[in-house]
Amino acid sequence: MSNLRDKKFIHEALREGAKALARGDFPVGAVLVINGRVAAKTNNALLSKRTWGDHAETRLLLDRSKTIRQARVKNPKVRIELYTTLEPCLMCLGCAMLHRVDRVIFSCPDPRGGVSHMTRARLPSFYRDNWPSVRGGILKKNAYKMFLRFMSVQHTKQWKENKKLFEAMAAKWRES
């Protein structure tokens, strides 16, 4: 896929993340693309809904589950892609895998435990066979700045520790 095309959809995810940030939520935005067209987009609601599972990617896939299934049944070769501002967690990648997403494209790596470095070799065949392609780092500094803005106004120990992890990660970008 073209880098320009991926940037276009990451920009849309960044706009969704900015909506979450404006609402006081962790600024993750996600965009679902089916055959090159935006099918849906949303953002995190972790803090506003006060639930740990309201990640943008999972919310988006669950909300559009029927649409995804119908598209896949109608045309098994349909291309389903998920664009997100942050490297997916295990839950979000698992949801993408179960929804037969072909590609997951993220902006900023997640130093707290993103899944792009997981190996499939020891997973059961169902998971290995349905694992999406994962690509990251597109416009990572844009997303990083948004995450840093959010974490800079948080006062819990957890967010302060997360901020240190993100800053250490970004320092390595400057070194390379």
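Residues numbered from 1 in each chain as written. Predicted model: local features only at pLDDT ≥ 70, side-chain atom pairs only at ≥ 80, totals over all residues. Heavy atoms only, no water.

Taken in spatial order, the five strands make up an open sheet running E2-E1-E3-E4-E5, and their pairing is mixed. Looking at which strands have only one partner, the edges of the open sheet turn out to be strand E2 (37-43) and strand E5 (133-135). In this sheet, adjacent strand axes meet at a mean angle of 15° when their direction is disregarded. Here strand E3 (residues 80-86) runs beside strand E4 (residues 103-108); their pairing, made up of five bridges, is parallel. Bridging across to E4, Glu81 finds its partner in Arg103. Against the sheet, helix H3 (residues 65-74) contacts strand E1 (29-34) and E3, and its axis sits at roughly 25° relative to E1. (Pairing = 2+ DSSP bridges. Helix = DSSP H or I, 4+ residues; strand = E, 2+ residues; numbered from the N terminus. Axes fitted to C-alpha atoms, helices over the stretch in contact; angles between N-to-C directions. Contact = heavy atoms within 4.5 Å.)

Counted at 1.5 Å a residue, the expected span for helix H7 (residues 157-175) with its 19 residues is 27 Å, and the 28 Å between its end C-alpha atoms agrees. Here H7 has its buried residues at Trp159, Asn162, Phe166, Met169, Ala170 and Trp173. Mapping the buried residues of H7 onto a view down its axis gives an arc of 95°, with all of them on the same face. For H7, the exposed residues lying more than 90 degrees away from the buried face are Lys157, Lys164, Lys172, Arg174 and Glu175. The inward-facing, buried residues of H7 abut E3, E4 and helix H6 (140-152). (Expected span 1.5 Å × (residues − 1). Buried < 20%, exposed > 50% of the residue type's maximum accessible area, 1.4 Å probe, protein only. Arc of directions from axis to C-beta.)

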